[in-house]
Amino acid sequence: MSEPPISDSRSTAVQAQSDRAYQPTPLIDRLVAPFGARRLVAGRPGMGWLLTEVSPAQIWCALTGALWLDGYNFVLYLTLLGASVAELAWLPLVNYGGFALSVLFLALRPPRSDAKAICLTYTFIARSLWLGVVAWPLIAWWLELGTGAILAGVFMSVFLTALFGNVGVAAFMTWTAAVVPREERGRFFMWRNLSAFAALTATFQIVAWLWPVASTATSSNSVELAWLMGLFTATTIFVILSTFPLAWSPAMPPRDASAEPHRPLWETIRTVRGFRRLLAMGALNTAAMACLLTYLPRLLHQLGMEGQTYAALQGNVQVPLMLAGIIIAGFALRHLGGAFLMRGTLIITVFGDSLFLLLTSANLAWLALLCLGCVGLGRGLASIAWIGRIQELAPAHDTRFPLLHLGINGIAGMLAGLALMITVPWLEAQYVAQTITHEPLWLVIGAGVLLRCGSLVLALLPTRT
């Protein structure tokens, strides 16, 4: 009886190891590699998706005002739905209230699992919930509800989007910190943001070209409202579909088995030098944004700037300088560090915000160019400076740090929104009574500039050694 053949176990193991080692390069990686991403995608299959999925998200935020509150279009949309100047104070309150309440996830459901999975889940939910800002007014009109009910439903959609979206953003910071080496992070965020804002520039030009002009048979308000509803719907569906490429991006690497368990959050914060100052800076900066981002579009509209003109200025002035800021920040993050980069960012941002206080109907045509140019440069720098600094300070695989940072920012923005709800009606009454000479919009923007100055002062204070 013959013996069965003896298999070569060694050669089989080598072959299996070789099969596992060989992974065909995804098409998306091959497409982005020639455009300066070769080092980023090398050895990281699927990194091309992580580099490019940001473009739809940036377009969505810029055109609809989601999460950023950076929306001339969204403030105009609320105005066309019937929101008054005082009612606009609800916008930062509900948006940053969602950010603030996301901190509850630290206590109720600590994010200790796969950061990529957390990012995917909460990002998809948040983007889907934004459809409510269009769907609810249609339902409310069909039910013949009043303006108050319409605005309440829209603000609820804003709140829920911020609540879930903030958790997704925090998980994204942890995920990218794990898959991108520290020395490559500046290049990584520069590549992402450059591609996103290049797409954003083209989008703004298209939006400006397609912006409707009311005919004699229709009112400009009804035409613009229908146009904005269509724009928001199409952009939101686009960004929901763009969430799926995140699933094809590099996986979250497992945490080192020999690493010590995460210590209690407050105990860890005491050992991370600079993080408490970053929390205070972020809080002041966000409170400033609650004033500026909500009321600057209303001021520009009041001074005579139309939506079509604003979209054109964004595409021709603001976004190109954003691109310049991104390039500068991408190189500066590695060579100068996040702390230095944030100081420069805040200096430029404070200067640009201050220029808005000088705007009048007479100088709007030329000074608005300079204002939006400074804003664009500052935002380009900030798009890398803040996240770069957080990733420098936060321990690896610890989503609690970025989530706490964003949550504290949300609390500050919510408190600013509450203050605006109280003070704006009072300021309007004082202005009507001629007790004050400056318009309430101007005073609110001035308060935002002062808050931003507070963040700059903290950034310039010497670091304790």
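Below or above, wherever it landed, is the structure these notes cover.

About the criteria used
- Residues numbered from 1 in each chain as written.
- Predicted model: local features only at pLDDT ≥ 70, side-chain atom pairs only at ≥ 80, totals over all residues.
- Heavy atoms only, no water.
- Axes fitted to C-alpha atoms, helices over the stretch in contact; angles between N-to-C directions.
- Helix = DSSP H or I, 4+ residues; strand = E, 2+ residues; numbered from the N terminus.
- Parallel < 35°, antiparallel > 145°, perpendicular 65-115°, else oblique.
- Left-handed = near helix turned anticlockwise from the far one by under 90°.
- Contact = heavy atoms within 4.5 Å.
- Salt bridge = Lys/Arg side-chain N within 4 Å of Asp/Glu carboxyl O.
- Buried < 20%, exposed > 50% of the residue type's maximum accessible area, 1.4 Å probe, protein only.
- Expected span 1.5 Å × (residues − 1).

1. Considering the packing of helix α20 (residues 400-432) against helix α21 (residues 440-460)
In helix packing, the relevant descriptors are the interaxial angle and the interaxial distance, both defined with respect to the helix axes.
Point 1. Put simply, α20 and α21 touch, their axes get as near as 9 Å, and they point 140° apart. One element, α20, and the other, α21, form an angle in the oblique class. Crossing of α20 over α21 shows right-handed handedness. Facing α20, whose interface residues are Leu-420, Val-424, Leu-427, Glu-428 and Tyr-431, α21 presents Pro-440, Leu-443 and Val-444.

2. Examining the pattern of salt bridges
Point 1. Counted under the stated rule, the structure contains five salt bridges.
Point 2. Glu-184 serves as the salt-bridge partner of Arg-187, at 3.6 Å between the closest nitrogen and oxygen.
Point 3. Taking relative accessible area as the criterion, Glu-184 reaches 9% and is therefore assigned buried.
Point 4. A salt bridge links Arg-389 to Glu-392; the shortest N-O distance between them is 3.0 Å. With Arg-389 and Glu-392 both in helix α19 (residues 364-393), this residue pair falls three residues apart, about one helical turn.
Point 5. Through salt bridges that share partners, Arg-39, Glu-184 and Arg-187 make up one connected network.

3. As for helix α16 (residues 275-303)
Along an α-helix, a turn takes 3.6 residues, which lines up residues three or four apart on a common side.
Point 1. Relative to the 42 Å expected for 29 residues at 1.5 Å per residue, α16 spans 41 Å between its end C-alpha atoms, a close match to the ideal helical length.
Point 2. Of all 29 residues making up α16, 22 are buried, and the element is well covered by its neighbours.
Point 3. In the segment just after α16, Gly-304 is the residue with positive phi, at about 115°.

Nothing here speaks to function; it is all geometry.
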